[in-house]
Amino acid sequence: MENSIVQFPKQIVFHGNSLFNYSNGNTRYGFTVSETVRGLINNKVINDYSYPGKTTLQLIAEFPTVVAPFVHEGDILIFWEHTNDLTTAIGNRTPAQALQDAKDYVTLAHNAGLIVISLNVIPRLNTSFSDATRLAFNALIDADNSWLDGYINICAEPEFDANADRLNTTYYNADEIHLTTAGYTIIANKIHDKLITLL
């Protein structure tokens, strides 16, 4: 059965927080993931509407003005938040609440005709963030991600499969939250691999 929308999406869109858009002083890590994906996939329009500090509820609120006017049916959306949702200092959501927020966001994106890919939550500094909470959220989304069109279990990668990985300065910035170019490149490659299954 012909499905040209899936085979030839008009653009690939990123929407998330500082894990997609981050800078540290004079070192710019912002948009590293989307820029790397752009280099891996030829002849695709890629736009990144991510912004640091966002929660999923904030992404939902801004979707009608920040994303919806600039996308078309059949575009692929890479949605990655969750981590700010689970911090007590920012989102203060339980794993179940964060999962429902993610589902609500994806419903909004589906209603706009988008194909949605998302990832689970990598380890990060434990200030206002419990690794047990992260693992609880990941267990929920790992168990049922049928509401997504594509799911990436990024924590299955050896660079992100344990809390102590955040201390590895090859892949993590000194803040133990954001990633180095090497870390972001791993994320980009896994997104690329998943995109290939949809293109």
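Before any of the text, the structure's been laid out above.
Residues numbered from 1 in each chain as written. Predicted model: local features only at pLDDT ≥ 70, side-chain atom pairs only at ≥ 80, totals over all residues. Heavy atoms only, no water.

Participant: Even after reading the chapter, I still don't get the overall build of the chain, so can you show me in this structure?
Facilitator: If you tally the helices and strands in the chain, you get 7 helices and 7 strands. Reading the helices (α) and strands (β) of the chain from amino to carboxyl end gives α-β-β-β-α-β-α-β-α-α-β-α-β-α. Against the compact-globule benchmark of 16 Å for 199 residues, the chain has a radius of gyration of 16 Å, which places it among compact chains. On the principal axes, the C-alpha backbone points of the chain span a range of 45 × 35 × 30 Å. Across the chain, contacts joining residues at least 24 apart in sequence account for 74% of those joining residues at least 6 apart. Carbon and sulfur atoms provide 52% of the accessible area of the chain, an area that totals close to 8,700 Å². (Helix = DSSP H or I, 4+ residues; strand = E, 2+ residues; numbered from the N terminus. Rg over C-alpha atoms; globule rule 2.2 N^0.38 Å. Contact = heavy atoms within 4.5 Å. Areas by Shrake-Rupley, 256 points an atom, 1.4 Å probe, with all protein chains shown as cover.)

Participant: Even after reading the chapter, I still don't get the packing of aromatic side chains, so can you show me in this structure?
Facilitator: The geometry of an aromatic ring pair is captured by two quantities: the separation of the ring centres and the angle between the planes. All chains considered together, the criterion is met by 6 aromatic pairs. Taken together, a centroid distance of 5.1 Å and an interplanar angle of 85° make the contact between F14 and F20 edge-to-face. Look at F63 and Y105: their rings are 5.7 Å apart centre to centre, the planes differ by 90°, and that puts the pair in the edge-to-face class. With a gap of 42 residues between them, F63 in helix 3 (residues 56-67) and Y105 in helix 5 (residues 95-111) connect regions that are remote in the sequence. Y105 carries the same exposure label as F63, and that label is buried. These aromatic residues form a ring-pair network of at least three members: F14, F20 and W80. One cation-aromatic arrangement involves R124 over F129; the distance from NZ or CZ to the ring centre is 5.2 Å. (Phe/Tyr/Trp six-rings, centres within 6.5 Å; stacked < 30°, edge-to-face > 60°. Buried < 20%, exposed > 50% of the residue type's maximum accessible area, 1.4 Å probe, protein only. Lys NZ or Arg CZ within 6 Å of the ring centre and 35° of its normal.)

Participant: When you look at the environment of T170 in this model, what are you seeing that I'm missing?
Facilitator: With respect to the secondary-structure elements, T170 resides in the loop between strand 7 (150-152) and helix 7 (181-196). Remark: the alpha-carbon pair of T170 and H72, spanning 98 residues in sequence, is separated by 38 Å. Contact partners of T170, with chain neighbours within four places excluded, come to T180, A182 and G183.

Participant: Got a minute to help me understand the packing of helix 2 (residues 32-40) against helix 7 in this structure?
Facilitator: Helix packing for two helices is described by the angle between their axes and how far apart those axes are. The geometry of helix 2 relative to helix 7 is characterised by a closest axis approach of 8 Å and an angle of 50° between their N-to-C directions. Classified by the angle between their axes, helix 2 and helix 7 sit oblique to one another. Crossing handedness for the pair helix 2 and helix 7: right-handed. The segment helix 2 lies against helix 7, with T32, V33, T36, V37 and L40 engaging T181, Y184, I187, A188, N189, I191, H192 and L195. Along the lines of polarity and charge, the residues of the contact of helix 2 with helix 7 split into 8 nonpolar, 5 polar and no charged. (Axes fitted to C-alpha atoms, helices over the stretch in contact; angles between N-to-C directions. Parallel < 35°, antiparallel > 145°, perpendicular 65-115°, else oblique. Left-handed = near helix turned anticlockwise from the far one by under 90°. Nonpolar A, V, L, I, M, F, W, Y, C, P; charged D, E, K, R; others polar.)

Participant: Explain the packing of helix 5 against helix 6 (residues 131-143) to me, please; I cannot follow it from the model alone.
Facilitator: Following both chains from N to C, one finds helix 5 and helix 6 inclined at 45°, their axes separated by 9 Å at the closest point. By the angle between their axes, helix 5 is oblique relative to helix 6. Crossing of helix 5 over helix 6 shows right-handed handedness. Taken together, the residues of helix 6 that come into contact with helix 5 (itself represented by P95, A96, A98 and L99) are T133, A136, F137, L140 and I141. When its residues are assigned to classes, the contact of helix 5 with helix 6 shows 8 nonpolar, 1 polar and no charged.

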